[in-house]
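This is what each chain is made of:
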Amino acid sequence: MLLLGQHTAAHSAISVLVNENRLLNLQQNLVSGKVTDTKGEALPGVSVQVKGTTIGTTTDSVGVYQLALPAPTATLVFSYVGYEEQEILVNNRKIVDATLKPQLSEMNEVVVVGYGKQKKLTTIGAQSSVNAEELKQPVANLSNLIAGRIAGVVGVQRSGEAGYDNSEIYIRGISTFTSSSPLILVDGVERTFNNIDPEDIANFSILKDASATAVYGVRGANGVILIETKKGRSGKTAINVQYDQGLTQFTKLPAFADGVTYLKVANEAYRNSNPGDSMPLYSDEYIEQTASGSDPDLYPNVDWFDVIFNKYGHNRRARVNANGGSDKAQYYLSVGYYDETGMFKTDELADYNSSMKFTRYNFTANLNLNVTKTTKVDFGASGWISNGNYPGSSTGSIFNAAYALPPIAIPVKYSNGAHSLMRTGDIGNPYSMLTQSGYATEFRSQLWSNIRLTQNLDFLAKGLSITGMFSFDNNNQHNIARSKTVDSYLATGRDEAGNLVLEQMQIGTNYLGYSRSNGGSRQFYTEAAINYNRSFGKHDITGMLLYNQSDRVDAFADDFISSIPYRYLGLAGRATYAYDNKYLAEANFGYNGSETFAPSHQFGFFPSFGLGWIASQEKFFEPLSNALSFLKLRFSYGEVGNSAIGGRRFAYISTVTGQGGYSYGRNDINNNIDGLNFGDYAVSVSWEKAAKYNLGIELRTWNDAISLTADVFQEKRTGIFRQRGDVPNIIGIANLPYANLGAVNNKGIDATLEINKQLGSDFRFGFRGNINWNRATVIDDANAPWPYPWQQRIGRKYGQRFGYTALGLFQTEEEVANSPYQVGTTKPGDIKYKDLNGDGKIDSYDQGPIGYGSIPEIVYGFGPTLTWKNWSIAAWFKGISNVDISLSGDGFRPFTFAGRGNLMAQITDRWSPDNPNSEAFYPRVTYGNENMNYEGSSWWVKNGAFLRLQTLEINYDLKDRPWLTKIGVPHLNIFLMGYNLVTISDFKMWDVELGDGRGAQYPLLKTYNLGVRAMF
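Residues numbered from 1 in each chain as written. Predicted model: local features only at pLDDT ≥ 70, side-chain atom pairs only at ≥ 80, totals over all residues. Heavy atoms only, no water.

## Details of the overall build of the protein
Now for step 1: Summing up its helical and strand segments, the protein has 10 helices and 49 strands in all.
Now for step 2: Expected size for 1016 residues packed as a compact globule is a radius of gyration near 31 Å; at 34 Å, the protein falls within 12% of this value.
Now for step 3: The burial tally for the protein puts 51% of its 1016 residues in the buried class.
Now for step 4: Total accessible area on the protein stands at roughly 45100 Å², and carbon and sulfur atoms take up 56% of it.
Now for step 5: Within the protein, the 97 negative side-chain charges are centred at a point lying 8 Å from the centre of the 91 positive side-chain charges. (Helix = DSSP H or I, 4+ residues; strand = E, 2+ residues; numbered from the N terminus. Rg over C-alpha atoms; globule rule 2.2 N^0.38 Å. Buried < 20%, exposed > 50% of the residue type's maximum accessible area, 1.4 Å probe, protein only. Areas by Shrake-Rupley, 256 points an atom, 1.4 Å probe, with all protein chains shown as cover. Lys, Arg positive; Asp, Glu negative; His and termini not counted. Charge placed at Lys NZ, Arg CZ, Asp CG, Glu CD.)

What follows is the structure in structure tokens.
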């Protein structure tokens, strides 16, 4: 027994030693690397196998893998669907990178389409996509990244305020007077996408023509955005970590004139308006006191933007995700954090936080189970939680005060600590509004969940399958306002002791109040589909028939109408056919409806068809194949609908409202009977109809290094819900009725060009550019004809501005006398307008089309990517054109109301007798609104085109670093990223993308971020 025990102990010791040696060998034989395609793009999910063994792994979301080898001389086998398999001998290396070439047939490459996927080769619908890696920018809102990056997307960002900085997004422009917002589907369910973490996105595509969107029926007319989140992959768990920190600053902040300039220009304006008054509005002594700054209490000189804004803000991001699994189950788990601090200043002595700050936490969990060989279950849960902190006064009201308050009116605070306020009650002190009005918090949460079951039915018919999905979404919003006001004063002078004489303008609450508001909704979605996908020799056939329904409830409805669920229900179908991968045909339909419409007219049928021809597959094309390796032509036509028609819900039902009444009886007895009248008249309301045509071409050349996709499109939108403006008053209708009368035609072109070329063993060049041009023309606006043809809206582009045509500035009294009459006091230096109808006077009949409008007709983007060894640099430029800005509002218009309004710094460029410049920015200044200088006219419409360096990123990959491998980090990437760095534009007053008005919005931000990514 003793000998047996000694033998057992010795055997155990030997086993431990052998296992330790094996572990040591595995650690010494650890290999890692990155797998990319021929374009240099990372390939996630690539199988990396040790040849002749079962040892293997897969690449992570950035194409990186790590694997322990049984021997340093092993051979690795790289394989991926749609790419040629590649074998590489390790030969004692620690870093082994691989570049996979696509299979020449490209038969297996698929793209996401409506309610499914199709082979990219045989797809007919017009659609575009963007590499999800390009969306990983240092911004909170995903909508700000896609305009200019995807052909067909038109977008403008009108505010940079944290939590409220989303862009207006349109696909192929605007084709209706009502809602033009696209349908957005995340993992197949209608959802918002602004707050999705780009790290969790696997696929981002847009569907543009009827062939692609007809399956969505009454929701597809405005285009569709499809987003798929990442799924797990078989293999060892891969953990990815990213952190970056950045500084933010405004791209462009409007500049105001200083106090001395204000006083001098005010005197000039007063003298122009009151030539008989020999006394100036402000004395030389007053101006000298203001200039010297000797008594800022009584002679203030305040730059209100300098008072309320810091020079810099900051943001930061952190992300961790893990994916892996086996053949039976795969998972993807992710958490993200984003934090942004705005540039509003705070009062450090305040006992509450009024800073602008937005924080968001994202989470995603996707689980894919292969229950049997033919049954698959996919479960996903994701969402976000955000918390915003803001000043007690809204950003808009603070900006309004800064524009309305002259720099010489009041100081920020008086030297004795008292808060200042003007006597005029409707103009606040911007600083007090920012720091002394309390604070507001906005808590929002969004939870998405979906489960899908897919059953393969090959045992019944090869290629047959069924699938079903159920989704539940919930979002909530909880806002708390803790508002207050402070005692505020106006100094009227100093007493004999030199102390300020203060008059109280406002009695403050001096304590934090409390108010609360809530919002939220719940949504249920269900779909079931049968799919067929089969190849018979040269014939490829697919089919789909799908049923779906959605039910969304306003969880905090405050009236009966709002409490009724918003519902959609319908069928969708698709059939495709391809012969020999050359001749393509496709038919789609949507049959669905909405509760908005009358019960007998709730459903509509929306068909589409498409034809395609891959000419490069023809034998006669072979002589051209070296120069043009791929050529595909496609055409589609179809009808789609839009149920987001605006107006009153359930417009097929009339409403009744109170209408005066009748009193009778003796004077000392009050006998009243309330009256009733029609409110809105019932109409046979229906959805908008969009007939869409699309002709597209796809080609590749230079050994597939250059690819081009271009589409020409036309849309005829009819049945737009409009309030009639052509009913004469003599008819006696109390309120003008609505009807499906409007019509708009939209046409344009969008295109994408890509170049990807390996130049030598260490250098790779890439370029991508896209452009969208569209023009929508009004065919019928349901209004009565205008008196003159130049006033007519029909036949003009949608969004066309109308106003007076400026001919320049009057230079002499004789020119004024010999020109058509203009309302008010007109003198040299005033704007001269064109008399369109020739009646000798300027009035509303002389207003005609001016400029383009606030929505750009042209949106484009382009950028190169350069890679050299471990270094890479990428840039992206975004631009818009055929767009303009109409200037208006307090602060922009000088002295329109006496004593009210700031002055823009551009006031120094004005017409005056000493500077009779016909090209001056401002005309002759006057004190009060005494002429037509600030009527809407071409003089105040400025070019809104710009080109912006939206992204610049420099990366360095740490490779061949044994010290990293030892700590289990095979891949480390350090990057420096800039966003909105440089803007080139003729417009200089504020950030050109903010658009019309006076620039009184929170400016857009530029950011500088330094970060690191690591894979474990």
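## Some details on the sheet that holds strand β16 (residues 224-229)
Now for step 1: Ordered by their spatial adjacency, 5 strands build an open sheet running β10-β15-β16-β13-β14, and the pairing between neighbours is mixed. The sheet is open, and its two edges are formed by β10 (127-130) and β14 (189-190), each paired on a single side.
Now for step 2: Bridge analysis of strand β13 (residues 183-186) against β16 gives 4 bridges, and the strand direction is parallel. For Ile184, the partnering residue across the bridge sits in β16 and is Ile225. (Pairing = 2+ DSSP bridges.)

## Notes on the packing of aromatic side chains
Now for step 1: Evaluated as defined, the whole model comprises 48 aromatic pairs.
Now for step 2: With centroids separated by 5.7 Å and ring planes inclined at 55°, the aromatic side chains of Phe305 and Phe309 adopt a geometry described as tilted.
Now for step 3: What makes Phe305 buried here is its relative accessible area of 2%.
Now for step 4: Aromatic rings pair up to connect Phe250, Phe256, Phe305, Phe309, Phe344, Phe399, Tyr403 and Tyr1002 into one cluster. (Phe/Tyr/Trp six-rings, centres within 6.5 Å; stacked < 30°, edge-to-face > 60°.)

## Regarding the nonpolar core
Now for step 1: Phe309, Phe344, Leu887, Trp940 and Tyr1002 are the most contacted members of the largest nonpolar core, which totals 85 residues.
Now for step 2: Considering each element in turn, this core owes the most residues, 7 residues, to helix α3 (residues 259-273).
Now for step 3: The contacts of Leu887, once residues within four sequence positions are left out, are Phe892, Phe921, Trp940, Lys942, Phe987, Met989, Trp990 and Gly997.
Now for step 4: If you look at the next biggest cluster of nonpolar residues, it comprises 23 residues, including Leu135, Ile146, Ile201 and Ile206. (Core = buried A, V, L, I, M, F, W, Y, C linked by side-chain atoms within 4.5 Å. Contact = heavy atoms within 4.5 Å.)

## Here we look at a nonpolar patch on the surface
Now for step 1: A surface patch of nonpolar side chains, amounting to about 880 Å² of accessible area, comprises Tyr243, Leu866, Trp868, Trp871, Ile873, Ile954, Ile974, Leu976, Leu1010 and Val1012.
Now for step 2: At the level of secondary structure, the elements contributing two or more residues to the nonpolar patch comprise β43 (858-868), β44 (871-881), β48 (971-984) and β49 (1005-1015).
Now for step 3: Tracing the sequence through the fold places Leu866 in strand β43.
Now for step 4: Residue Leu866 is classed as partly exposed on the basis of its relative accessible area of 32%. (Patch = residues over 30% accessible without salt bridge, like charges linked within 9 Å, V, L, I, M, F, W, Y side chains within 5 Å. Salt bridge = Lys/Arg side-chain N within 4 Å of Asp/Glu carboxyl O.)

## Some points on the pattern of salt bridges
Now for step 1: Within this structure, the stated rule accounts for 49 salt bridges.
Now for step 2: For Glu618, the salt bridge goes to Lys582, with nearest N and O atoms at 3.6 Å. Here Glu618, found in the loop between β31 (603-614) and β32 (628-642), pairs with Lys582, found in the loop between β29 (566-579) and β30 (583-594); they are 36 residues apart in sequence, far enough to count as distant.
Now for step 3: Take Glu618: its relative accessible area is 10%, and that puts it in the buried class.
Now for step 4: Among the residues examined, Lys582 registers a relative accessible area of 13% and is labelled buried.
Now for step 5: In this structure, the salt-bridge partner of Glu930 is Arg924, at a minimum N-O distance of 3.9 Å.
Now for step 6: According to the relative accessible area criterion, Arg924 is buried, its value standing at 4%.
Now for step 7: Connected via shared salt-bridge partners are Glu133, Lys136, Asp197, Glu199, Lys230 and Arg319.

## Describing the packing of α3 against helix α4 (residues 284-292)
Between two packed helices, the angle of one axis relative to the other and the distance separating the axes together describe the packing.
Now for step 1: Put simply, α3 and α4 touch, their axes get as near as 9 Å, and they point 165° apart. Comparing their axes, α4 and α3 come out roughly antiparallel. The handedness of the crossing between α3 and α4 comes out as left-handed. The residues of α4 that touch α3, namely those facing Gly259, Val260, Leu263, Lys264 and Asn267, are Tyr286, Ile287, Thr290 and Ala291.
Now for step 2: In terms of residue class, the contact of α3 with α4 is made up of 5 nonpolar, 3 polar and 1 charged. (Axes fitted to C-alpha atoms, helices over the stretch in contact; angles between N-to-C directions. Parallel < 35°, antiparallel > 145°, perpendicular 65-115°, else oblique. Left-handed = near helix turned anticlockwise from the far one by under 90°. Nonpolar A, V, L, I, M, F, W, Y, C, P; charged D, E, K, R; others polar.)

## Re the side chain of Arg998
Now for step 1: Among the structural elements, Arg998 can be located in the loop between β48 and β49.
Now for step 2: One buried charged residue, Arg998, remains without a salt bridge, the closest side chain of opposite sign being Asp890 at 5.0 Å.
Now for step 3: Contact partners of Arg998, with chain neighbours within four places excluded, come to Asn400, Tyr403, Ser888, Gly889, Asp890, Phe892 and Trp990.

## Observations concerning the confidence of the model for the protein
Now for step 1: Within the protein, residue pLDDT values average 91, and 96% of them lie at 70 or more.
Now for step 2: Ignoring residues within four places in sequence, the model shows residues 1-26, a span with pLDDT below 50, making 2 contacts including any to other chains. (pLDDT = per-residue confidence, 0-100.)

## A short note on the sheet that holds strand β26 (residues 500-506)
Now for step 1: Spatially, the 3 strands line up as an open sheet ordered β22-β25-β26, and their pairing is mixed. Among the strands making up the open sheet, the edge pair consists of β22 (419-420) and β26.
Now for step 2: In this sheet, strand β25 (residues 488-494) lies alongside β22 in parallel orientation, the contact comprising 2 bridges. Along β25, the bridge assignment pairs His419 with Ser488.

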